[in-house]
Amino acid sequence: MRDKTIDCFKGILTIQMILAHCLQFYCNLDAERGWWFLSEYINLTTFSGFVFAFGYVSYLAYAKEQFPNTLKKIVKNIARLLLAFYISSFTYVIFIERMPFRMDRILEIVLIKRLAGWSEFLLSFAGVMLITIPLLKLIKSQNKKLLIIIGGISIFACFLPPKEVVPIVGLFIGGYGSAYYPVIPYYLYFVIGVYFVRKGIKLNWRVMAVAIMGMVYTLFDVFVLSKGLPSRFPLSLGWLFGGLLFLYGYYLLSGFLGTKKYFSWLSEIGKYSLSYLLLSNIIIFALKQSKFFKISSSFSLGLFAIIMIILWYITGLVKGKVQKVRIGVSNNITTEA
C-alpha cells in the first residue's frame, strides 16, 4: 500500500520544480526579481526534498526485504532514472544546444563526460540509489548512531575544498565545472527520511527545533558569511541546511492533505513524479526552439498551467490502459479458476 503522505509531499515538489523550470526558461528573472526569488526558493527545497522522499520510501520498500530482492529493485530503479536522465539530456542538447549528429558529441553525453542542463538532477537521483546499495545494512539497522554517522559524513563533505572536477566525481562530492547535485552531502536528507519513517515522526518539537537551527545557520550565511545567497554550485552548508524548515512544513502539510479525498490529485502527481518531470522538460526544451513563446512571467505561468493539464491528461490515458490490462488479467484468472 502506498503512503499518500509522501506522495502528496512529492506532488508539492513536482509542481514547484515544473513551475521553476518554466520561469527559468520563459521569464526575465533579472528584471522581475519577485519571480527570481520564487525560483531560488524552489531550487533550495526541491532536490533536497526528493532525496528525503527517496529515503522515506526506500526504508518502507526495502527494510523487510532480503538483500537479493532489494538489490534487484534498486538496480531496476537506477536503470529507470538513468534512462530518464539520458532522454532529458538528449532533448536538451538537441533542442537547446542544437548539437550536431556527431558520434564524439553523442558519446560525451552517453559516457557522462559532460552534463546537459536541467537534467543533472536525474543523474544524481540515480547516484543516491547507487550509494544506498553498500549502505543497506546500516540503513536497515535500528542503531540510531549509524544514521548519525552517515549524516555526519554528509555534512563533512560540504567542507571539502571545491575543485574543478570531472562529472563522475562531481556527481558524488561536487565541485566546479558544472551544476552538480553532489550525492554524498545531499544524502543527509535520505538519512532524515529513513529516520522519519522509523520513528513515525509527525509534529515533533525537537525536530522543529533542529529545522529552525538549520534555517538560522542559513540566514547567518546569507547576512554574514556570503552576504548573499549561499553557494549552490558548489554546494555550501548554508544551502544544504536551507531547506530543512520548509521541507518539514511540507511534510506536516502533506500528512494533513493525504487524508483528504479532494487532494487525491496531488498524491497522483507525486506517484507519477518522474513522468511529470521528464515530460515537462521535453515540452519546455522543445518549445524554446519554436517561435511560439514570449519572455514574460504571464507566459511562464500560462505554460506551466498548460503543461500540468497535458501531463494530467497523458497520465490519465496511461492509467486507463493499465487498469484495463489489470481487469483483463483478473477476468482471465477468474475464468481459468
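This structure is a prediction, so every number in the text was calculated from the model and none was measured. (Residues numbered from 1 in each chain as written. Predicted model: local features only at pLDDT ≥ 70, side-chain atom pairs only at ≥ 80, totals over all residues. Heavy atoms only, no water.)

A. Expanded view of the overall build of the protein chain. Each helix and strand in the protein chain was counted, giving 14 helices and 0 strands. Listed by position from the N terminus, the elements making up the protein chain come as α-α-α-α-α-α-α-α-α-α-α-α-α-α. The C-alpha radius of gyration computed for the protein chain amounts to 21 Å, which stays within 12% of the reference 20 Å derived for 337 residues, consistent with globular compactness. The proportion of buried residues among the 337 residues of the protein chain is 47%. Across the protein chain, the fraction of contacts at a sequence separation of at least 24, relative to all contacts at a separation of at least 6, is 79%. Accessible surface, the protein chain: about 17600 Å² in total, of which carbon and sulfur atoms supply 68%. One finds the centroid of the 35 positive side-chain charges in the protein chain at a distance of 8 Å from the centroid of its 14 negative side-chain charges. (Helix = DSSP H or I, 4+ residues; strand = E, 2+ residues; numbered from the N terminus. Rg over C-alpha atoms; globule rule 2.2 N^0.38 Å. Buried < 20%, exposed > 50% of the residue type's maximum accessible area, 1.4 Å probe, protein only. Contact = heavy atoms within 4.5 Å. Areas by Shrake-Rupley, 256 points an atom, 1.4 Å probe, with all protein chains shown as cover. Lys, Arg positive; Asp, Glu negative; His and termini not counted. Charge placed at Lys NZ, Arg CZ, Asp CG, Glu CD.)

B. Up close: the confidence of the model for the protein chain. For the protein chain, mean pLDDT is 93; residues scoring 70 or higher make up 95% of the total. Confidence, expressed as mean pLDDT per element, reaches its minimum in the protein chain at helix α14 (residues 297–336) with 77 and its maximum at helix α10 (residues 237–242) with 98. Confidence drops under pLDDT 50 across residues 329–337; counting only partners more than four residues distant or on other chains, this segment forms 0 contacts. (pLDDT = per-residue confidence, 0-100.)

C. Quick look at the nonpolar core. Ranked by size, the top nonpolar core spans 98 residues in total, and within it Phe9, Ile18, Tyr186, Tyr187 and Leu240 carry the most contacts. The dominant element in this core, judged by the number of residues it contributes, is helix α1 (residues 4–26), at 13 residues. Every residue in contact with Tyr187, bar those within four places of it in the chain, is listed here: Val51, Val128, Ile131, Thr132, Leu135, Ile139, Ile150 and Ser154. (Core = buried A, V, L, I, M, F, W, Y, C linked by side-chain atoms within 4.5 Å.)

D. Spatial organisation of the side chain of His21. Mapped onto the elements of the fold, His21 is located in helix α1. By relative accessible area, which is 7% here, His21 ends up buried. Apart from the residues within four sequence positions on either side, His21 is in contact with Trp118, Phe121, Asn281 and Ile284.

E. Structural context of empty space enclosed by the protein. On inspection of all chains with the given rule, the structure shows 2 cavities of 30 Å³ or more. A volume near 40 Å³ is recorded for the largest cavity. Around the largest cavity, the lining residues are Ser58, Tyr59, Tyr62, Ala63, Thr132, Leu136, Ile139, Lys140 and Phe190. Broken down by secondary-structure element, the contributors of at least two residues to the lining of the largest cavity are α2 (33–62) and α5 (120–140). With 4 residues, the single largest contributor to the lining of the largest cavity is α5. When grouped by side-chain class, the residues that make up the lining of the largest cavity number 6 nonpolar, 2 polar and 1 charged. Size it by volume and the second largest cavity reaches roughly 30 Å³. As for the second largest cavity, its lining consists of Leu115, Glu120, Leu123, Ser124, Gly170, Leu171, Tyr180 and Tyr181. Listed by contribution, the elements that provide at least two residues to the lining of the second largest cavity are α5 and α7 (167–173). When residues of the lining of the second largest cavity are assigned to their parent elements, the largest contribution, 3 residues, is made by α5. (1 Å grid on protein atoms, 1.4 Å probe; cavity = no way out; pocket = protein on both sides within 12 Å on 5 of 7 lines; lining within 4 Å. Points joined across faces, edges and corners; volume = space filled by probe spheres on them. Nonpolar A, V, L, I, M, F, W, Y, C, P; charged D, E, K, R; others polar.)

F. Summary view of the pattern of salt bridges. Scanning the model with the defined rule gives 5 salt bridges in all. Here Glu65 ties to Lys73 by a salt bridge, and the two come within 2.6 Å at their closest N and O atoms. In this structure, the salt-bridge partner of Asp104 is Arg102, at a minimum N-O distance of 2.6 Å. Looking at Arg102, the relative accessible area reads 40%, which means it is partly exposed. (Salt bridge = Lys/Arg side-chain N within 4 Å of Asp/Glu carboxyl O.)

G. Molecular detail of α5. The terminal C-alpha atoms of α5 lie 29 Å apart, and with 21 residues this matches the ideal 30 Å at 1.5 Å per residue to within 8%. Maximum bend of α5: about 70°, positioned at Pro134. (Expected span 1.5 Å × (residues − 1). Bend = angle between axes of the 7 residues up to and from the residue.)

H. Expanded view of the packing of helix α9 (residues 205–225) against helix α11 (residues 244–257). Viewed as axis vectors pointing N to C, α9 and α11 meet at an angle of 145°, and their least axial separation amounts to 7 Å. Each of Val207, Met208, Ala211, Ile212, Gly214 and Met215 in α9 lies in contact with α11, whose residues at this interface are Leu244, Leu245, Phe246, Tyr248 and Leu252. (Axes fitted to C-alpha atoms, helices over the stretch in contact; angles between N-to-C directions.)

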